[in-house]
Amino acid sequence: MSTLVSAGPGGAWAWAGLRLEPEPAISENGAFVGLPETQRRIEAASLEQVWLSQHWRPDGRSFEIRYSNSPADGVSCTLLCRAYGADAAAAAAAVGALRATLAIAPRHVRAEPIEDTGELYAALVPFERAPLGLAEVRKLVTWAWLSRRDTDFPLGVAVAPLVGEAVSWEPVWDALARQETPTVIGVCVEPYAPPQDLVSYVRFLTREYGRLSQPGRPNPVFQQYVAPDPFAPGATSLYQDALRTLSGRTYRMRISLAAAATVPLHLAELVAATVCPPAATAEGRAVARVVPAHETAQAWANVAGLHRTWLDATYRQEVPQPLGERERVLADLVDLPQASAAFRFPYEIPGRPALFATARRGGAAREQPATVPGQGDPHAPTFRGGDLS
């Protein structure tokens, strides 16, 4: 099995991948004649949510579904994965086992392993250098200076959830196919087990904002009450949502866009509107953020290595103070329905124009490098090719 491995004194990481295509056979993909499109989409999303749940193992693994455009053929899709090991051999074995389980895809998807190391490298590192256009889609971070003085923190911060709905991704794939320059959309998830101190912290904030939502009397000597803080009611609701998220299986998620030319902000905004439709809820919202020049190297390393290094300028969203570690976790934490809304497998509706480049349609194969250029990109891991038999 073809793998890429990056080893160091503290252990090793290994990467593997699969090609994904929509399953064309109606008898296999569940797109039965007469079934309404909305119902097909809901059933497909339900199967994908089951798939995500089956692979929830908080052992350091991460996997990313990645869509890239080909102006001549349409959109192609790969599923990339990363695993850790004590050394190169252990990491390669771990990612090989992970790829084998990930290959058992929902019925509306065909999964084929990437066996060529050059093809795997090209899928993982789609540009020779950090591209000019990098953007991220994030959960909205809200903040305000608190008007109340009877609390230990003057700055209030809360994070809006995404909306776990089976929204169609066809507009995103269609817009990606229309991009005139090479462009990639990646949704990376890492299973996460919240520590008890994070749960306790969110419970404390829920109670504290709930208290600040009510009239208060900060000094027992005086009988005059102070008004509720304007930010507190909304924050209370958001932290209640966070508690519900923490009660089930959770993932840390990164949604990245990379383009060879300028930032495809319209495409990033379309992805944000898809993972969290503006009309679905007054509280949930996603935003598109252009990566500033000084964070380009870190953002590209995240894409090239399936990492989630914190990008302060991009992720903090104008909050006037740095976020603590627990707020950073909440900023990219999603539950299973939220993860499923963003981590969508390719599908096609019978009778609709084909969006995906597939082998059966004679799509042009992506040109692959003859060897793995491990030192070509200074921001990619120092790969070496591996062949796990």
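None of the values given here were measured: they were computed from a predicted structure.

**Q** I tried to follow the packing of aromatic side chains on my own but got confused; where do I start?
**A** The way to describe two aromatic rings as a pair is by their centre distance and the angle between their planes. Using the criterion set out here, one finds 17 aromatic pairs in the structure. Plain terms: the ring middles of Trp-13 and Tyr-84 are 5.1 Å apart, the flat faces sit at 65° to each other, and that makes the pair edge-to-face. Taken as a pair, Trp-13 in strand E2 (residues 11-22) and Tyr-84 in strand E4 (residues 74-85) lie far apart in primary sequence, 71 residues in all. The class for Tyr-84 is partly exposed, based on a relative accessible area of 38%. Seen from their ring centres, Phe-343 and Phe-345 are 5.9 Å apart, and the 75° between their planes marks the pair as edge-to-face. A residue is classified by how much of its surface remains accessible, and Phe-345, at 0% relative accessible area, is buried. The structure contains a cluster of three or more aromatic residues connected by ring pairs, namely Tyr-67, Trp-169, Trp-173, Tyr-347 and Phe-356. When the ring centre of Trp-13 is taken as reference, the NZ or CZ atom of Arg-82 above it lies at 4.1 Å. When the ring centre of Tyr-201 is taken as reference, the NZ or CZ atom of Arg-326 above it lies at 3.9 Å.

**Q** Quick question: what am I supposed to make of the layout of surface pockets here?
**A** A volume near 190 Å³ is recorded for the second largest pocket. Phe-153, Leu-155, Val-157, Tyr-201 and Glu-327 are, among the 15 residues lining the second largest pocket, the residues nearest its centre. Breaking the lining of the second largest pocket down by element, the ones donating at least two residues are strand E8 (155-159) and helix H6 (196-212). Of the residues that constitute the lining of the second largest pocket, the class distribution is 11 nonpolar, three polar and one charged.

**Q** I tried to follow the pattern of salt bridges on my own but got confused; where do I start?
**A** Any two side chains of opposite charge can pair, on the condition that their charged atoms come close. Summed over the entire model, instances satisfying the criterion amount to 18 salt bridges. Ionic pairing is found between Arg-99 and Glu-115, a salt bridge with its closest N-O pair at 3.3 Å. Pair noted here: Arg-99 is in helix H3 (residues 88-102) and Glu-115 is in the loop between strand E5 (109-113) and helix H4 (117-124), with a separation of 16 residues, a long-range link. For Glu-115, a relative accessible area of 45% gives the class partly exposed. Salt bridges sharing common partners tie together Arg-148, Asp-150, Glu-208 and Arg-211.

Cut-offs applied
Residues numbered from 1 in each chain as written. Predicted model: local features only at pLDDT ≥ 70, side-chain atom pairs only at ≥ 80, totals over all residues. Heavy atoms only, no water. Phe/Tyr/Trp six-rings, centres within 6.5 Å; stacked < 30°, edge-to-face > 60°. Helix = DSSP H or I, 4+ residues; strand = E, 2+ residues; numbered from the N terminus. Buried < 20%, exposed > 50% of the residue type's maximum accessible area, 1.4 Å probe, protein only. Lys NZ or Arg CZ within 6 Å of the ring centre and 35° of its normal. 1 Å grid on protein atoms, 1.4 Å probe; cavity = no way out; pocket = protein on both sides within 12 Å on 5 of 7 lines; lining within 4 Å. Points joined across faces, edges and corners; volume = space filled by probe spheres on them. Nonpolar A, V, L, I, M, F, W, Y, C, P; charged D, E, K, R; others polar. Salt bridge = Lys/Arg side-chain N within 4 Å of Asp/Glu carboxyl O.

Scope: geometric values only; no functional claims are made or implied.
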